[in-house]
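Fold and contact review
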Amino acid sequence: MNVPAASSPASRLTDAAARVALRLGGGGSQVGGLGDEELLELLADATEARKALELIVAGASAEVSRRSSRDLGYDGLAQRKGLRTGTALVQHITGLGRTDVTRAVEAGNELAPVVTDSVGDVQSATAPAVPVVDEWLGALRSALASGRLTQAQFQAIRAGLGEPPVARYPELAPDFLPRAWARAVQVLLEEAAALPVEDLRSQARIARDRLDPVGVTLRFEERFAARSFRAWTDQDGQRHAHILFDDEAGAWVDALLQAALRPRRGPRFVGTDAAEKTRAADADERTNEQLQYDTIMAVLRTGANADPQQAFGDRQPGVRIVVEALPELPPTPPQSTVAHHPNPGFDHRRRHVLAASSARPRDG
């Protein structure tokens, strides 16, 4: 990490940890005796220490991942420790989840990007190559390294803004979009202290849409092309589903579910029968998740039954159970007689139940 020694994560961790220890004194983790301002200062110091510690973990995780590269084979660090990947090794040591480890590795790579020496460069033998970093990305990385941003905030801005699409606008000067990105980063850095991570990510996406109007349509089409529905059954026989919405369908489902949950979130019922509706809503023991599920199922059933001809043609969805019970027949003839039957193994006395998941024809 190219960070000045005075503001390095190690020094900031040491200073913040010392302030935390001083505020707590000999009370250990007992914070009940602190005043309001002392409690908030303690929380701020502990947060500063956590930010610095996260940076150290990120740098170490990225280095473990680099030393465990697949190109190294069995000589890799993780492989020599009996694990397959660097991510698995970091998880084993830290106890973090895979998503947290991946975020840490990405942050560590941002702070210490891998530099590839140019072939035939005379200076590469005497001095390491210095990567050329755009102003906007340099400002973002400096904010992360100095503790101004957390890893989550950094990833929100980085993913929300993306890269300046210089090639998409050949009529503009090559440095126009990078300078616009730098300005957007400065604005987002100022807002980061007051916005939750989710809102910060949303603001970064809005900034990108304003700076890249052509990309708005492209990203919309990409999200539409990525729409999907996937269902599976777990080991206990429970059915699961995963839906990836496009923009329009996602907004429609959000509006539908918000309407279903409105009686619980307000405003409450009004009108002559408001009291009765309120009592019925209060007596409903379903969780919000169950209510949303029931709403989706009710909409699907209503839509399927509304106009089967338009939705499914001449085959209506359903499950048909066929029970075939033929009368008892005389015993099977001798083998010589059965041999003349087209299917010698056929048994007319068989009864079976057929659960047909295929659609049944629509009446009429």
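Residues numbered from 1 in each chain as written. Predicted model: local features only at pLDDT ≥ 70, side-chain atom pairs only at ≥ 80, totals over all residues. Heavy atoms only, no water.

What follows concerns helix H7 (residues 151–161). Counting buried positions along H7 yields nine of eleven residues, so the element is predominantly enclosed. When H7 is considered as a whole, its buried residues turn out to be Gln151, Gln153, Phe154, Gln155, Ala156, Ile157, Arg158, Gly160 and Leu161. Those residues of H7 that are buried lie in contact with helix H2 (36–67), helix H5 (98–111), helix H6 (135–145), helix H8 (176–192) and helix H9 (197–211). Among the residues trailing H7, glycine 162 stands out with phi positive, at a value near 70 degrees. (Buried < 20%, exposed > 50% of the residue type's maximum accessible area, 1.4 Å probe, protein only. Helix = DSSP H or I, 4+ residues; strand = E, 2+ residues; numbered from the N terminus. Contact = heavy atoms within 4.5 Å.)

Let us look at the packing of aromatic side chains. Summed over all chains, the structure comprises zero aromatic pairs. Above the face of the phenylalanine 224 ring, arginine 227 is positioned so that its terminal group lies 3.9 Å from the ring centre. (Phe/Tyr/Trp six-rings, centres within 6.5 Å; stacked < 30°, edge-to-face > 60°. Lys NZ or Arg CZ within 6 Å of the ring centre and 35° of its normal.)

Glancing now at the nonpolar core. Ranked by internal contacts, the top residues of the largest apolar core, which has 28 residues, are Leu140, Leu149, Ile157, Leu161, Val185 and Leu189. Within the residue set of this core, elements represented by two or more residues are H2, H5, H6, H7, H8 and H9. With eight residues, H8 is the largest single contributor of residues to this core. Among the nonpolar cores identified, the runner-up in size contains seven residues, and Val64, Ala78, Val90 and Val105 belong to it. (Core = buried A, V, L, I, M, F, W, Y, C linked by side-chain atoms within 4.5 Å.)

Attention now moves to the packing of helix H1 (residues 9–24) against H2. Two elements in contact, H1 and H2, have axes whose closest approach is 8 Å; the angle formed by their N-to-C orientations is 150 degrees. Taken together, H1 and H2 sit at an angle that is classed as roughly antiparallel. Every pair of crossing elements has a handedness; the one defined by H1 and H2 is left-handed. Contact residues: H1 offers Pro9, Ala10, Arg12, Leu13, Ala16, Ala17, Arg19, Val20, Arg23 and Leu24, while H2 offers Glu38, Glu41, Leu42, Asp45, Ala46, Glu48, Ala49, Ala52, Leu53, Leu55 and Ile56. (Axes fitted to C-alpha atoms, helices over the stretch in contact; angles between N-to-C directions. Parallel < 35°, antiparallel > 145°, perpendicular 65-115°, else oblique. Left-handed = near helix turned anticlockwise from the far one by under 90°.)

Position of arginine 158 among the secondary structure elements: in helix H7. Taking the relative accessible area as the measure of exposure, arginine 158 reaches 15% and is therefore buried. Looking at arginine 158, its side chain comes within polar contact range of the side chain of glutamate 163, at 3.1 Å. If we ignore the near neighbours within four places in the chain, the residues touching arginine 158 are Glu110, Trp136, Leu137, Leu140 and Glu163. (Polar contact = N/O pair within 3.5 Å; in protein donor to acceptor, adjacent residues only side chain to side chain.)

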